[in-house]
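Architecture at a glance
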Amino acid sequence: MEVRKEAGVEELRGPEAGEMELINRLARKELGRSEVYVFQLRLCDNEIDREGERFPRETLEELAPLFVGKSGIFDHNWSAGGQAARIYKTQVVEEPGRVTKAGDGGCYLKGWAYMLRTPGNAELIAQIEGGIKREVSVGCAVERAVCSVCGEELGSCRHVKGRTYNGKLCWGELKGAKDAYEWSFVAVPAQREAGVMKGMRPGLKELIQGNGAAMEELLALEKEAELGRRYLAQLRGEVVRLAAVSEPRLESRVVRGMMDKLGQEELEAMKAVFSRQGRERLEGGAQLTYPGTGTAERGGDGAFLV
């Protein structure tokens, strides 16, 4: 099964000695730092993309070594004349605090690429630095796409990507990486965040590296943030459950879509409303009105009215 997924690009300040060693393993002659232009790529991640598919973390780990040495081209046009750059290093990177739509922690496959500083490449380098060439797409092969709802091969079951079944979204889990062909500069990526990563900006952890107290405080804040995200997820689920009891005519899919847009205070207010309505509905019991008893107008055509 051939797969093409999109991502993004980020310029590096310049290759260090260790980087040059990796680059020169792919070159036929010894290159110097001034001869190469290097940048970073967000090749693909584990989020559900525009095509209703995603790479789980284990597939990203399998793809990482397969992309080392692979060429960068344009629009997946497999022409030797279009080869512009080459990946010399890859790594699966965690994204602390990010949770995918599938419910697991966010991560992505990062690649380091180089190209020669030649007159012919000057325009492409300028376009990368100017943010014009930034979205990229990967071409690779996987063994199968598994349905997230039933676990069967997608296409062999009745489930359709993008639809929801009993509150569970259907998507394709791309499993069993077999090969990586290339990566391309494209106009519109399937993966929303894939592409050339803009700027070599240090993250917060890098900025406070060596400051033990600040790092400890940051880790504590990350834990609190994770607890907050879990509480909101549980609160949304509780509101959807209460809505099903108090307003059974409302579709759970619609209610869940509405609740996903609300914050904590709004969710707690909705929980209070649905809780009150649910109690009134249950405590009131079934109100039966029999024709002929004088408790309702005559003319009903059923045995009783509920």
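Residues numbered from 1 in each chain as written. Predicted model: local features only at pLDDT ≥ 70, side-chain atom pairs only at ≥ 80, totals over all residues. Heavy atoms only, no water.

1. Quick look at the layout of surface pockets
Applicable threshold: Using a 1 Å grid laid over the protein atoms alone, points where a 1.4 Å probe fits but cannot get out form a cavity; open sets with protein on both sides within 12 Å along at least 5 of 7 lines form a pocket; any residue with an atom within 4 Å of a point counts as lining. Grid points are joined across faces, edges and corners, and a volume is the space filled by probe spheres set on the points. For helices the rule is a DSSP run of H or I covering at least 4 residues; for strands it is a run of E covering at least 2, with both sets numbered from the N terminus onward.
Put simply, the largest pocket is a space of about 870 Å³. What lines the largest pocket is a set of 29 residues, among which Lys101, Ala102, Leu169, Arg256 and Asp260 lie closest to the centre. Of all the secondary-structure elements, those providing two or more residues to the lining of the largest pocket are β9 (168-169), α5 (212-246) and α6 (252-259). Per-element tally for the lining of the largest pocket: the top contributor is α5, with seven residues.

2. A look at the pattern of salt bridges
Applied cut-off: Note on definitions: salt bridges are taken to be side-chain nitrogens of Lys or Arg within 4 Å of carboxyl oxygens of Asp or Glu. When accessible area is computed with a 1.4 Å probe and restricted to protein chains, residues below 20% of their type maximum are described as buried, those above 50% as exposed, and intermediate ones as partly exposed.
Within the structure shown, the criterion is met by 13 salt bridges. The partner of Lys29 in a salt bridge is Glu35, and the shortest N-O contact between them spans 3.4 Å. Judged by relative accessible area, which is 30%, Glu35 ranks as partly exposed. The salt bridge partner of Arg57 is Glu94, with a shortest N-O separation of 2.2 Å. Here Arg57 is found in helix α2 (residues 57-67), whereas its partner Glu94 is found in strand β5 (residues 85-99), with 37 residues between them in sequence. Glu94 gets classed as partly exposed once you look at its relative accessible area, which sits at 46%.

3. Examining the packing of α5 against α6
Where we set the bar: For helices, the fitted axis covers only the stretch in contact; all axes are lines through C-alpha atoms, and the angles between them, taken along N-to-C directions, range from 0 to 180 degrees. A clockwise turn of the near helix away from the far one marks a right-handed crossing, whereas an anticlockwise turn of less than a right angle marks a left-handed crossing. Residue contacts follow a heavy-atom distance rule, with two residues in contact if any of their heavy atoms lie within 4.5 Å. Only Asp, Glu, Lys and Arg are considered charged, only Ala, Val, Leu, Ile, Met, Phe, Trp, Tyr, Cys and Pro nonpolar, and every remaining residue, Gly among them, polar.
The geometry of α5 relative to α6 is characterised by a closest axis approach of 10 Å and an angle of 145 degrees between their N-to-C directions. By crossing handedness, the relation of α5 to α6 is classed as right-handed. Of the residues in α6, those touching α5 at Arg236, Val239, Val240 and Ala243 are Ser252, Val255, Arg256 and Met259. Residue composition of the contact of α5 with α6, grouped by class: five nonpolar, one polar and two charged.

4. Things to note about the side chain of Glu19
Selection criterion: Here a polar contact means two N or O atoms within 3.5 Å. Within protein one must be a hydrogen donor candidate and the other an acceptor candidate, and residues neighboring in sequence count only if both atoms are side-chain atoms.
By secondary structure assignment, the location of Glu19 is in helix α1 (residues 17-26). Residue class for Glu19 comes out buried when judged on its relative accessible area of 15%. One polar contact links Glu19 to Tyr88, side chain to side chain, over a distance of 2.7 Å. Here Glu19 is in contact with Tyr88, Lys89 and Trp112, once residues within four sequence places are set aside.

5. Notes on the nonpolar core
The nonpolar side chains of a soluble globular protein tend to be buried with one another. We count it as follows: The term nonpolar core refers to a set of buried residues drawn from Ala, Val, Leu, Ile, Met, Phe, Trp, Tyr and Cys, joined through side-chain atoms within 4.5 Å.
In terms of nonpolar packing, the biggest core is built from 31 residues, with Phe39, Leu43, Phe67, Leu109 and Trp183 touching the most fellow members. Listing elements by their share of this core, those giving two or more residues are β2 (36-45), α2, β5, β6 (105-116), α3 (122-129), β7 (135-147) and β10 (172-185). Counting nine residues, the second largest nonpolar core, distinct from the first, contains Leu235, Val240, Leu242 and Phe274.

6. Let's talk about the confidence of the model for the protein chain
Put simply, the rule reads: Confidence scores per residue from the predictor, reported as pLDDT, run from 0 to 100.
Per-residue confidence for the protein chain gives a mean pLDDT of 78, with 76% of residues at or over 70. Segment residues 188-192: pLDDT under 50, and 24 contacts once partners within four positions in sequence are set aside and those in other chains are kept. Below a pLDDT of 50 lies the segment residues 286-306, which in the model reaches 15 contacts outside its immediate sequence neighbourhood of four places, other chains included.

7. As for the packing of aromatic side chains
Each pair of aromatic rings is reported with the distance of its centres and the angle of its planes. Where we set the bar: Between rings of Phe, Tyr and Trp, where Trp is taken as its six-membered ring, a pair exists when centres lie within 6.5 Å; planes separated by under 30 degrees are stacked, by over 60 edge-to-face, and by other angles tilted.
By the definition in use, this model includes three aromatic pairs. When the centroid spacing of 5.8 Å and the interplanar angle of 40 degrees are considered together, the rings of Tyr37 and Phe39 count as tilted. Comparing Tyr37 with Phe39, the two get one shared label, buried. Relative to Tyr114, the ring of Tyr88 has its centre 6.3 Å away and its plane inclined at 55 degrees; by these criteria the two rings are tilted. Taken as a pair, Tyr88 in strand β5 and Tyr114 in strand β6 lie far apart in primary sequence, 26 residues in all. The rings of Tyr37, Phe39 and Trp183 are connected pair by pair, giving a single aromatic cluster.

8. Regarding unusual backbone geometry
Even without a glycine there, the phi angle at Asn166 is positive, about 50 degrees. Summarising the element assignment, Asn166 is placed in the loop between β8 (164-165) and β9.

9. Quick look at empty space enclosed by the protein
Inspection of every chain in the model, using the stated rule, returns one cavity of 30 Å³ or more. In this structure, the largest cavity encloses a volume near 30 Å³. Surrounding the largest cavity, Val240, Ala243, Ala244, Glu247, Leu250, Glu251, Ser252 and Val255 form its lining. Those elements that provide at least two residues to the lining of the largest cavity are α5 and α6. In terms of residue count, the dominant contributor to the lining of the largest cavity is α5 (three residues). When its residues are assigned to classes, the lining of the largest cavity shows five nonpolar, one polar and two charged.

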